[in-house]
Amino acid sequence: MSILIVTNWLNVSSLSYIEPIEFSTLFRLLLRQICILLLLLCLFSNIGNAFQGNEGYDTEMELFNQYYEQKNLTARKEFVVQFFEVAKDSGGIYLPMAHYLAAHHLRVFSKNDSALYHFKKGYEMMPNYDFDLLKGRLMIIGAALYTNTGNSVEALRLLNEIDLKKLSQFEKLGVHWERYRIASLKLDYQDMETFLKELIDNGVGNVVSFRRRLVGVLIELGKLEEAGQYVDDLMVDLANKTPKEVGTKDYIAVHYAATLYFIRTKEFDKAISLMDSGIKYINVFPKKEVKVNFWSRYLELLDAIAVNEKVSVTKRPSVEVTAILAKIEEALPLANAPTQEFGMNILIDHFKLINDWESAFTYSKKLIDLKEERFYNDIAKVYELEKQLLERDAEIEKNKQELAQQELDESRDIQFLLIGLVTALTIIGFLIYLNLRNSKMRGARLAEKNALINEQKDRIENLNELQKQFFINVSHEFRTPLTLVLGNLGSLLNGRFGKLNPGQNNALSQAKENSMRLLNLVREMLNLSKLESGNEQLAVREVALLEKVRSIISLFDSLLEQKGLQVHYDYPETLDKLFLDEVKVETIFYNLIANAIKFSTPNTVIEIGLTEEFDSQCISIKNTGEGIPQKDLHKVFDKFYRAGSGQTEGSGVGLTLAKELVLLHGGKIEIDSKQYEWTAVSVKFLKGSEHFKPEDFDQSIEQEMERIPVGVHKILVVEDNLEMGAYIESVLSKSFKITRANNGMEALSILGQASLDLIVTDYMMPGMSGEKFYKELRQLPDYKSTPVVFLTARTMESDKQRLLRLGVSDYILKPFAESELLAVVSNLLVLKEERNEASASKVNIDDQFTDRLKLLVLDNISNQDLSPAFLSDQLSISERSMFRKVKEATGFTPLAYVKEIRLQEARRLLETGSFNSISEVAFLVGFENMSHFSSSFKKRFGKPATDFK
């Protein structure tokens, strides 16, 4: 392309300096260079969009239709102005559309000259497309404007160009109506009849108005019989329609149009009735033309009755002639000129009839003056029009002379312009070349920078991953020495190595307390690391949020009492259950409630509020205390942040962990505070389960509960805390019959009244502790083997060992998940049923058999092939006898019993915290498959092995 431009430039340059160039040759060269320029611009810019024709037409038509949706004329005017701005920017077909809107709008205000200007501009701009809807509408508007200004010839020309086949019924109505108006101006009754009948046949628009006009036309043509058919239709319209449906003006006009027919047919009674019925409408209608037409018709009726004395008239008109004359004379001066002529002719005929020649002469003179005034006005308009035409001709002649001079000047400079244009094109081509080359170079440099940024991003991500993994490994390494330290500190405090003096006891107690705090921090950090790495998995199920929070608060009863704090609840009567991971929700609210108690001023109130919205539940925890400065509120969820001077106890991890767990549920957590007064934390969870993935749901409890018949087993719940007792009952009552006792003494009294399958009891209770209650229970013959589950908030290893030495069936640490409680209870009931079935066989068992069996399994627990054959060989009995004895003693088959011992030992090892990984524990207790171990462990204990670390 550049070579072509340069070649052309050389050709033109050589011609211009060697020999004179003829004008026609020069002009062809100029056109050639302009075409090249246009091609270049189209290639390297976006001006090609200007040649897209009708692109965007539908969108603009939608904007055009919005004009008719505006509330009033002022709003429509503003809309037209805005549309013009859009049309100027868009160009193309939008400008004629804007001129059409302006012409339509100005016509409403009777500004015919301005409207005609916009019609002409729009019509000139219309592209040479085939006929379309917009062009048809524009031509109809033009015909209406020409009709209004008396130019019926031009109006007819436009109407004849319109193709009716391509118009809707509404637009066809407009065409017929304009043709009728033109015919009425020329008093061409034949054409008026034709076009009115077409309007009526179309059935679109105000058909009543068309009928009453057609009646007048047919009467003028002498077609009384045909006019009578349309009068009958008008009578039906008056009977069935209201003025609002027809239009008050046309409703009144029907009366005097039909009356003219009855006058011609001398049906005066019908005419009087019709005119009298129209009086109530004419009295409230303001338009003077209608009043003149109505009362003039009434006067014409009375005159006709007077002339036709032989015709029998039974009705008497309700208005006297004198009153009618007064009404006509009152309205006449304010009516338009055609209506004034009609009224004056009626008055002249009336006064002639009654021989009042003076009044007839007076109105004849007024009529002549009116016609002369209209004639002179028309002459003035013609004169003004001729004057404008002469001025326009002079302007055109002047413009022609200026144009000729301009063409002469341009012809002299055209060679210089051509040289300049070619030079400019060459420069543009060179600049485009430079721009393309620079763009390629910039693209290459940008690609290099992007590659470098991506490389740095990958390195940073790898470093972050290595940092997280290093942190997790170090945290794991901390746990083993911490466990050993705690074990040795416990041995020293228990007096295993001799009695301690008070100073030593105090120092070791502080060391143990701080070691426990460090161990808890390590656990929290490990949980947080799993969350940040995206490895944390949800196990959601339906949870009653309020009951869960109540159960967590009950764990702090002693601390609340110690600080003199009260808890106040505010919640609606009914609350929906939410889909939540119960274990993780416990972690969230344990941290939040612990913080609220820790930072509360003694002897104040902690407010727990729960509100329910359309798609969520929000729970807030508000305490009175020192509060947090406003400038620090955005930091409270940051890792290791602690409010105030940093002297506050705590790791600074609890709130961070709580926030991450809330976000994992798709929820939201916020904090607000007023320093030295209060702090409030709110947590919002979504209702429903649509925001969770299929793998987020916990199916273990449902599978486990399928083994237990609903509503058969009876369970006693012994709990002194009413809220905790209510929560346990709400969890278990779905599948079991529940009996409640508030303490150990009350529970013992219930035992004699009912047969129970299982007992759930708290460990710490006033009066009779859970331990004492358990010992009393085992003295009762009927409850020696009844499964007992202990609930305890004491997490020390010595406390766990104490419970196991008592011989309890199982224990659950507070806070606990609903799934954990259900799993433990259902497993113990299944085990009890299996034992009962086995006892029916009445096999005599050595008392030491169970102990020997358990020791044998524990000694060989790492052996993955711990088979019935191996057990029977070690116990020196046959496999068949061993199967019966194991089933009788434990309720398990030999393989199921081995699996139970493996899982119990795995739980014990995990709770010591002495192992770096769960897979290590699984291998030690004889599980080869890690996934099998994980699913079996969660099924047995109600929560995953990771929660016991």
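Conventions and cut-offs
- Position labels on residues start from 1 in each chain and follow its written sequence.
- Only residues with pLDDT of at least 70 are given local features in this predicted model, and only at 80 or more are side-chain atom pairs given and counted; all residues enter the totals for whole chains, interfaces and linings.
- Only hydrogens and water are set aside; all other atoms, that is, all heavy atoms of the structure, feed into the side-chain values.
- Secondary structure is summarised from DSSP: a helix means a run of H or I of at least four residues, a strand means a run of E of at least two, and numbering begins at the N terminus for each.
- Given the number of residues in a helix, its expected span is that number minus one, multiplied by 1.5 Å.
- Only heavy atoms matter for contacts: two residues are in contact if any of them lie within 4.5 Å across the pair.
- Polar contact criterion, stated in full: a pair of N or O atoms within 3.5 Å, where within protein one must be able to donate a hydrogen and the other to accept it, and residues adjacent in sequence count only if both atoms are side-chain atoms.
- To form a nonpolar core, buried Ala, Val, Leu, Ile, Met, Phe, Trp, Tyr and Cys residues must be joined to one another through side-chain atoms within 4.5 Å.
- A 1.4 Å probe rolled over the protein chains alone gives each residue an accessible area, and that area as a share of the maximum for its type sets the label: buried under 20%, exposed over 50%, partly exposed in between.
- Here, a strand pair is defined by DSSP locating no fewer than two bridges between the strands.
- In this description, a line fitted to the C-alpha atoms serves as the axis of each element, helices being fitted only across the stretch in contact, and the angle between N-to-C directions of two axes falls anywhere from 0 to 180 degrees.
- A clockwise course of the path from the first strand over the helix to the second, judged with the strands pointing away from the viewer, identifies a crossover as right-handed.
- Any angle between 65 and 115 degrees counts as roughly perpendicular, while under 35 counts as roughly parallel, over 145 as roughly antiparallel, and the rest as oblique.
- It is the rotation of the near helix from the far one that decides the hand of a crossing: anticlockwise by less than a right angle makes it left-handed, clockwise makes it right-handed.
- Three categories are distinguished: nonpolar for Ala, Val, Leu, Ile, Met, Phe, Trp, Tyr, Cys and Pro, charged for Asp, Glu, Lys and Arg, and polar for the others, with Gly belonging to the last.

(A) Summary view of helix α15 (residues 268-282). Here α15 is 15 residues long and its end C-alpha atoms lie 20 Å apart, about the 21 Å a rise of 1.5 Å per residue gives. Where the residues of α15 are buried, they touch α12 (224-240), α13 (243-246), α14 (248-264) and α16 (288-307).

(B) Region of interest: the environment of Y569. Here Y569 shows up in strand β2 (residues 566-570). The sequence separation of Y569 and I621 amounts to 52 residues, and the corresponding C-alpha distance is 9.7 Å. Dropping the residues within four chain positions of it, Y569 is found in contact with L546, R550, I553, I608 and E723. Among the polar contacts listed, one links the side chain of Y569 to the side chain of E723, at a separation of 3.4 Å.

(C) Looking closely at the nonpolar core. The biggest cluster of nonpolar side chains holds 61 residues, and the ones touching the most others in it are F294, W295, Y298, L301, I324 and L347. Residue contacts for F294: discarding those within four places in its chain leaves I252, H255, Y256, M275, G278, I279 and I282.

(D) Highlighting the sheet that holds strand β4 (residues 605-612). Sheet architecture is open: 5 strands sit in the order β2-β4-β5-β7-β6, paired in mixed fashion. At either margin of the open sheet sits one strand with a lone partner, and together these are β2 and β6 (668-674). Here the strands of the sheet are splayed against their neighbours by 15° on average, with no regard to which way each runs. Across 7 bridges, the pairing between β6 and strand β7 (residues 678-686) is antiparallel. Bridge pairing links I669 to V683 in β7.

(E) Layout of the pairing of strand β9 (residues 737-741). Sheet topology note: the strand β8 (residues 714-718)/β9 ladder contains 5 bridges and is parallel. Paired with V717 across the strands is R740, a residue of β9. Read as a crossover between parallel neighbours, the route from β8 over helix α26 (residues 722-732) to β9 is right-handed.

(F) View of unusual backbone geometry. One non-glycine residue, K266, adopts positive backbone phi at about 60°. Topologically, K266 is positioned in the loop between α14 and α15. The class for K266 is partly exposed, based on a relative accessible area of 42%. Positive phi values are uncommon outside glycine, yet N355 reaches one of about 65°. Structurally, N355 can be placed in the loop between α18 (337-353) and α19 (357-493).

(G) Structural context of the packing of α14 against α15. The interhelical angle for the contact between α14 and α15, taken along N-to-C directions, is 165°, at an axis separation of 9 Å. By the criterion of interaxial angle, the relationship of α14 to α15 is roughly antiparallel. You can see that α14 and α15 cross each other, and the crossing is left-handed. Here α14 contributes Y251, I252, V254, H255, Y256, A258, T259, F262 and I263 to the contact with α15, which in turn contributes F268, K270, A271, L274, M275, S277, G278, Y281 and I282. By residue class, the composition of the contact of α14 with α15 is 13 nonpolar, 4 polar and 1 charged.

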